[in-house]
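Listed below are the residues making up each chain.
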Amino acid sequence: MISALEQYDPQIYELIKQESARQSGSIRLIASENYVSKAVMLATGSCLTNKYAEGYPGKRYYEGQKNTDLIETLAQDRVKKVFGAEHANVQPYSGSIANMAAYLALAKPGDTIMGLSLPHGGHLTHGWKVSLTGKIFNSVQYEVDPATGMFDYNKIEELAKKHKPRIIISGATAYPRQIDFEKFGEIAKSVGAFLVSDIAHIAGLVAAGLHQSPVPYADVVSTTTHKTLRGPRGGMLMSKAEHAKNVDKAVFPGLQGGPHMHTITGIAVALAEADTPEFVNYAGQIIKNSKAMAEKLLEHGFDLVSGGTDNHLILIDLRNKNIPGKKLAKALNAANIVTNCNSIPNDPAPPFNPSGLRIGTAAVTTRGMKEEQACQIADYINEVAENVENEAVIEKVGQQVLLFCSSFPVPEHFIVPNNVKK
Ligand code: DSN
């Protein structure tokens, strides 16, 4: 397919080739990114992109659904098996839409929702003021404990008792610790709220049984499919059977039209991969790598929010290093190490140039990197941080990183970066 593209659209082919080389020749530490398998890539790039399938299996608006019905049902069944869910909806285009659908399945505009504040590790769609979820709902936000950087469940309970939300949202995009979904379930029950759990970041760890699952406790579980779960970019919802109808109606026709069947096909493949002992080993290695990297960063004098990590993610508070997050992220990018700057809890700096750096180990673990490489990466990060103004050192680290990456091929790797100096 790729060589056909070279013939038909050399400009786009060239850009894909360059992006492939960038993905191969850099250490990708963005905590929400990964590399899909060749099988997932093929399914996602298949002829399923040609098909409209509004509705659900067996109840479609257009004809020609012989195969799409089977594929979507297979995807739903695989989600239910992997996560032990009563109901699955694999149609949301993304995590944001999945979250909105979860809320609309359980609440009406104007109702109170309570989620983790964005600068404390929550997502825009957990009720942050600039998101529609913060505009059409009465949004109350909880925060992490300023001393520990972790959830204080007593404080969350107090806030829930005060505001009596219709929905409590548990889940995060920059929280390096285990989330006690059972406790969130108890809090929600105690105030008569529904619990929505957003496991976008940790879905792969939950699937592997390495993070507590919210499925027994939450009314609706929302996730993306492309982070630790290692599927194509998409979203999905799981729910208790009693909410199935409302969840499905909220997705279609509530928020979306025709589902992206090529994505659903890729999700089905990713779910089959997640249901293997190899995936459990993979997820375990993600956590081992994250812990090893965190330890090494601590040795280098980095200050980590919450003091470490239990999952795939590390949040560095750079204030003691006196380097703005954006500056370090840019210097690291120049050294072929790709991260994102991130707000830290109670950040005195603005969101576009915050005081933190977020890193995650899902993608490097897919390339077969282990604790030794995780420590090496921490050393590279430290070298760049210590020489953040020194272009020559950054260039030297960049060359070392290219060489380092060449020993760890990516699954869909089809171009060797041509600038590796061996
Ligand atoms: N943008 C995603 C992340 O990076 O965490 C969340 O949606």
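For the structure itself, consult the block above.
Residues numbered from 1 in each chain as written. Predicted model: local features only at pLDDT ≥ 70, side-chain atom pairs only at ≥ 80, totals over all residues. Heavy atoms only, no water.

Below, the discussion takes up the sheet that holds strand 5 (residues 112–116). Two pairing modes exist for strands in a sheet, parallel and antiparallel, and in both the strands are linked by backbone hydrogen bonds. Sheet architecture is open: 7 strands sit in the order 4-10-9-8-7-5-6, paired in mixed fashion. A single partner strand is all that each edge strand has here, and the edge strands are strand 4 (87–89) and strand 6 (138–142). Strand-to-strand twist of the sheet, defined as the mean angle between neighbouring strand axes without regard to direction, takes the value 20 degrees. As judged from the 5 bridges shared by strand 5 and strand 6, these two strands associate in the parallel manner. Bridge pairing in strand 6 places Thr112 opposite Asn138. (Pairing = 2+ DSSP bridges. Helix = DSSP H or I, 4+ residues; strand = E, 2+ residues; numbered from the N terminus. Axes fitted to C-alpha atoms, helices over the stretch in contact; angles between N-to-C directions.)

All right, on to the packing of aromatic side chains then. A full pass over the atoms with the stated rule returns 13 aromatic pairs. Each residue in the set Tyr142, Phe151, Tyr153, Tyr175 and Phe184 is aromatic and connected to the rest through ring pairs, giving one cluster. Sitting over the ring of Tyr35, Arg28 keeps its end group 4.3 Å from the ring centre. The side chain of Arg230 reaches across the aromatic face of Tyr282, ending 3.8 Å from its centre. (Phe/Tyr/Trp six-rings, centres within 6.5 Å; stacked < 30°, edge-to-face > 60°. Lys NZ or Arg CZ within 6 Å of the ring centre and 35° of its normal.)

On to the pattern of salt bridges. Taken as a whole and assessed by the stated rule, the structure comprises 17 salt bridges. One salt bridge in this structure joins Lys17 and Glu14, with 3.6 Å as the shortest N-O distance. Here Glu14 and Lys17 lie together in helix 2 (residues 10–24), a separation of 3 residues that amounts to about one turn. By relative accessible area, Lys17 is classed as partly exposed at 26%. Classification of Glu14 as partly exposed rests on a relative accessible area of 32%. Of the charged contacts in the structure, one is a salt bridge between Asp275 and Lys81, with a shortest N-O distance of 2.4 Å. (Salt bridge = Lys/Arg side-chain N within 4 Å of Asp/Glu carboxyl O. Buried < 20%, exposed > 50% of the residue type's maximum accessible area, 1.4 Å probe, protein only.)

This part covers the packing of helix 12 (residues 277–299) against helix 15 (residues 371–386). Contact geometry of helix 12 with helix 15 gives a least axis separation of 8 Å together with a crossing angle of 40 degrees. Regarding helix 12 and helix 15, the two cross each other, and that crossing is right-handed. In this structure, helix 12 contributes Gln285, Lys288, Asn289, Ala292, Met293, Lys296 and Leu297 to the contact, and helix 15 contributes Glu371, Ala374, Cys375, Ile377, Ala378, Asp379 and Ile381. A class-by-class count of the residues in the contact of helix 12 with helix 15 yields 8 nonpolar, 2 polar and 4 charged. (Left-handed = near helix turned anticlockwise from the far one by under 90°. Contact = heavy atoms within 4.5 Å. Nonpolar A, V, L, I, M, F, W, Y, C, P; charged D, E, K, R; others polar.)

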